[in-house]
Structures are given as structure tokens and as C-alpha cells.
Amino acid sequence: MRQRIWTRVLVTLMVALLLWWLFWAILIDEDENEVNIPETEIVE
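The structure presented is a predicted model; accordingly, all values stated were derived computationally and were not measured.

Tallying each qualifying case throughout the model produces two aromatic pairs. Arranged with centres 6.5 Å apart and planes meeting at 70 degrees, the rings of Trp-20 and Trp-24 form a pair that is edge-to-face. In this pair, Trp-20 and Trp-24 both sit in helix H1 (residues 2–35), four residues apart, roughly one turn of the helix. For Trp-20, a relative accessible area of 52% puts it in the exposed group. Ring plane angle 75 degrees and centroid distance 6.0 Å describe the contact between Phe-23 and Trp-24, whose orientation is recorded as edge-to-face.

Parameters and conventions
Residues numbered from 1 in each chain as written. Predicted model: local features only at pLDDT ≥ 70, side-chain atom pairs only at ≥ 80, totals over all residues. Heavy atoms only, no water. Phe/Tyr/Trp six-rings, centres within 6.5 Å; stacked < 30°, edge-to-face > 60°. Helix = DSSP H or I, 4+ residues; strand = E, 2+ residues; numbered from the N terminus. Buried < 20%, exposed > 50% of the residue type's maximum accessible area, 1.4 Å probe, protein only.

The structure is reproduced here in C-alpha cells:
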């Protein structure tokens, strides 16, 4: 019984860390895309 509780706790922590890592990876990727966008002038 006690092993099942620890297994659930560890699985929950691993899922939470994975989601947190993915969230930050997406945010960092968006920030890099904003920085690397070249500014172009519109010539009429």
C-alpha cells in the first residue's frame, strides 16, 4: 500500500516537471522568435 502511494507521488511529480519544462521551452522559443525577427521598411 505504501509503495503505491510513493509511486503515485513520483509519477505526479514527473508529469508536473515535464509540463513545466514544456511550458518554459515554449516561452523561451517565442522570445527567441521575437528577437530574431528582422525589421523591414515598407517602401511604397
